[in-house]
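Working through the structure, step by step
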Amino acid sequence: MMAEAGAGGPRLAELLALGRRLWDELDASTEPSSGAPAVQEKVRQGLDALQQAAAMVAQLELFSENEELEEIASADLKFMLLPALLGAMTLKQVDLSRRREHLESAREHFLHFLKLCKNYGLGSFQMLPGTSGEEEARSPSASQDPTQPNLVAMAMSRTAKIERYKQKKELENKLASMRSSVESGTADEHQMREFYILQIQKWIGTSLEEIESIDQELVILRSRDAARQAAAGPGGPSRPARTPMKPFILTRNAAQARVFGAGYPGLPTMTVDDWYEQRRKQGIVSQQGFGEPRSPPCSSPPAGASDEELQKQQQETEEEEEDEEALRKARDWDDWKDTHPRGYGNRHNMG
């Protein structure tokens, strides 16, 4: 196994180093928009390098379920980070039309990483219920330290988040103090092994946090998709909305139309007959009953009408007459104001 890992040569290590460097640049970027072309180009390059490296690791069978952690060469431990880096890089994509696809893909990468770590007894955590149809792990394995917090079971609690944050800071401080010696090649094998294991533990916490966040966003996206399907209905897409009509004043007759249309600024006016005719041409109302010009209301009551109907018709006639009288007075008053200045005829109290 170790010989096969070495047969991967520097090519595998270079791909991992490139993907890791691009991720570090993206994570520390001050670019105002994650959708900027330069940012997304780095995401594309990083995904390509990490995917190639992951394919080579799978081909070499670098990690096996039948192995113990001690059997893995120290130089090969860093390749365990590939699934976690792939998940983090996948989340950097900003195509909204494929957001749900990216979330589900990133979740699978993080779960793959956690299963790999669990198989080698790295970290203290439980696998999430119902992951990829496998048997649920509801309690820590015997190889795990029972004094460590159960991070997944307590993921939603404030105490767990505070504890996880403290652990993350401690790991980052340890990694920072060891990074220079490892990267310069002066660290011995024991120090190099410890450095890579600390990196793995740091990404375990990151993966747990990302899975929790992904699950929350997936709930929102699935609810939105379900609401859209319900709005479309079983018969397919909903009928397009009718074009709204422009506002206008509907009047009883042409006389009212002339009066109401005299203001400035004013709305267009339209009589009831004109309105029905326009709607008939648009096909919104049928022609039946509106094909012929509407005749004015009959002044004589229909035969056999009751006293209540007669009284109602008489009341409507009086209201129409009052409206016409009010319109006539308003029009006369406007005409009088046009020809008489304000204060005309007021001769009282003049010296």
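Source: prediction; values computed, not measured.

Once that is clear, we can look at the overall build of the protein. The number of helices and strands found in the protein is 10 helices and 2 strands. Sequence-ordered secondary structure for the protein, helices as α and strands as β, is α-α-α-α-α-α-α-β-α-β-α-α. Expressed as a percentage of its 351 residues, the buried residues of the protein come to 28%. The long-range fraction of contacts in the protein, counting pairs at least 24 apart against all pairs at least 6 apart in sequence, stands at 61%. A total of about 23,800 Å² of accessible surface is found on the protein, and carbon and sulfur atoms cover 51% of it.

Turning next to unusual backbone geometry. In this structure, Glu61 is a non-glycine residue whose phi angle is positive, near 50°. Note on placement: Glu61 falls in the loop between helix 3 (37-60) and helix 4 (82-90). Under the relative-accessibility criterion, Glu61 is labelled exposed at 53%.

The next subject is the packing of aromatic side chains. Tallied over the full model, the rule gives 3 aromatic pairs. Judged by centre distance (6.4 Å) and plane angle (75°), the rings of Phe63 and Tyr120 are edge-to-face. Highlighted residues: Phe63 in the loop between helix 3 and helix 4 and Tyr120 in the loop between helix 5 (99-119) and helix 6 (158-184), separated in sequence by 57 residues.

Moving on, we get to the nonpolar core. Judged by nonpolar contacts, the single largest core of 58 residues is most densely connected at Phe63, Met80, Phe113, Leu122 and Ile204. Of all the elements in the fold, those that place two or more residues in this core are helix 2 (9-27), helix 3, helix 4, helix 5, helix 6 and helix 7 (189-232). Per-element accounting of this core gives the leading share, 12 residues, to helix 7.

Averaged over the protein, the pLDDT score is 76; the fraction of residues at 70 or greater is 66%. No element of the protein has a lower mean pLDDT than helix 1 (residues 2-7), at 42, and none a higher one than helix 4, at 97. A low-confidence stretch, residues 289-299 (pLDDT under 50), is modelled with 8 contacts involving residues beyond four sequence positions or located in other chains.

Turning next to helix 6. With 27 residues, helix 6 extends 39 Å from end C-alpha to end C-alpha; this agrees with the ideal 39 Å at 1.5 Å per step. Along helix 6, the largest kink reaches about 45° and is centred on Met178. Taken together, the buried positions of helix 6 are Ala160, Arg164, Leu171, Leu175, Met178 and Val182. Packing partners of the buried residues in helix 6 comprise helix 7. One or two positions beyond helix 6, positive phi appears at Gly185, with a value near 85°.

As enumerated under the stated definition, the model contains 13 salt bridges in all. Salt bridges sharing common partners tie together Arg100, Glu104, Arg222, Arg224 and Asp225.

Moving on: the packing of helix 6 against helix 7. For any two helices packed against each other, the geometry is given by the interaxial angle and the distance between the axes. Contact geometry of helix 6 with helix 7 gives a least axis separation of 9 Å together with a crossing angle of 145°. Crossing angle aside, the handedness with which helix 6 passes helix 7 is left-handed.

Here we take up the environment of Leu18. In this fold, Leu18 is placed in helix 2. With 30 residues separating them in the primary sequence, Leu18 and Asp48 have C-alpha atoms 9.9 Å apart.

This part is about the packing of helix 3 against helix 4. Relative orientation of the contacting elements helix 3 and helix 4 amounts to 155°, with a least axis distance of 10 Å. Judged by the inter-axis angle, helix 3 sits roughly antiparallel to helix 4. Like other packed secondary-structure pairs, helix 3 and helix 4 cross with a definite hand, here left-handed. In this structure, helix 3 contributes Val43, Gly46, Leu47, Leu50, Gln51, Ala53, Ala54 and Val57 to the contact, and helix 4 contributes Leu82, Leu85, Leu86, Met89 and Thr90.

Let us now look at the environment of Glu14. Locating Glu14 in the fold gives a position in helix 2. A relative accessible area of 46% places Glu14 in the partly exposed class. Separated by 35 residues in sequence, Glu14 and Ala49 place their C-alpha atoms 8.9 Å apart.

A cluster of acidic side chains, namely Glu316, Glu318, Glu319, Glu320, Glu321, Glu322 and Glu324, defines a negative patch on the protein surface. For Glu316, the location among the structural elements is in helix 10 (residues 307-339). Classification of Glu316 by relative accessible area gives partly exposed; the value is 43%.

So, on to the side chain of Thr90. Mapped onto the elements of the fold, Thr90 is located in helix 4. From its side chain, Thr90 meets the backbone oxygen of Leu86 in a polar contact 2.6 Å long. With residues up to four places along the chain from it excluded, the contact list for Thr90 reads Leu47, His102, Ser105, Ala106 and His109.

Cut-offs applied
- Residues numbered from 1 in each chain as written.
- Predicted model: local features only at pLDDT ≥ 70, side-chain atom pairs only at ≥ 80, totals over all residues.
- Heavy atoms only, no water.
- Helix = DSSP H or I, 4+ residues; strand = E, 2+ residues; numbered from the N terminus.
- Buried < 20%, exposed > 50% of the residue type's maximum accessible area, 1.4 Å probe, protein only.
- Contact = heavy atoms within 4.5 Å.
- Areas by Shrake-Rupley, 256 points an atom, 1.4 Å probe, with all protein chains shown as cover.
- Phe/Tyr/Trp six-rings, centres within 6.5 Å; stacked < 30°, edge-to-face > 60°.
- Core = buried A, V, L, I, M, F, W, Y, C linked by side-chain atoms within 4.5 Å.
- pLDDT = per-residue confidence, 0-100.
- Expected span 1.5 Å × (residues − 1).
- Bend = angle between axes of the 7 residues up to and from the residue.
- Salt bridge = Lys/Arg side-chain N within 4 Å of Asp/Glu carboxyl O.
- Axes fitted to C-alpha atoms, helices over the stretch in contact; angles between N-to-C directions.
- Left-handed = near helix turned anticlockwise from the far one by under 90°.
- Parallel < 35°, antiparallel > 145°, perpendicular 65-115°, else oblique.
- Patch = residues over 30% accessible without salt bridge, like charges linked within 9 Å, V, L, I, M, F, W, Y side chains within 5 Å.
- Lys, Arg positive; Asp, Glu negative; His and termini not counted.
- Charge placed at Lys NZ, Arg CZ, Asp CG, Glu CD.
- Polar contact = N/O pair within 3.5 Å; in protein donor to acceptor, adjacent residues only side chain to side chain.

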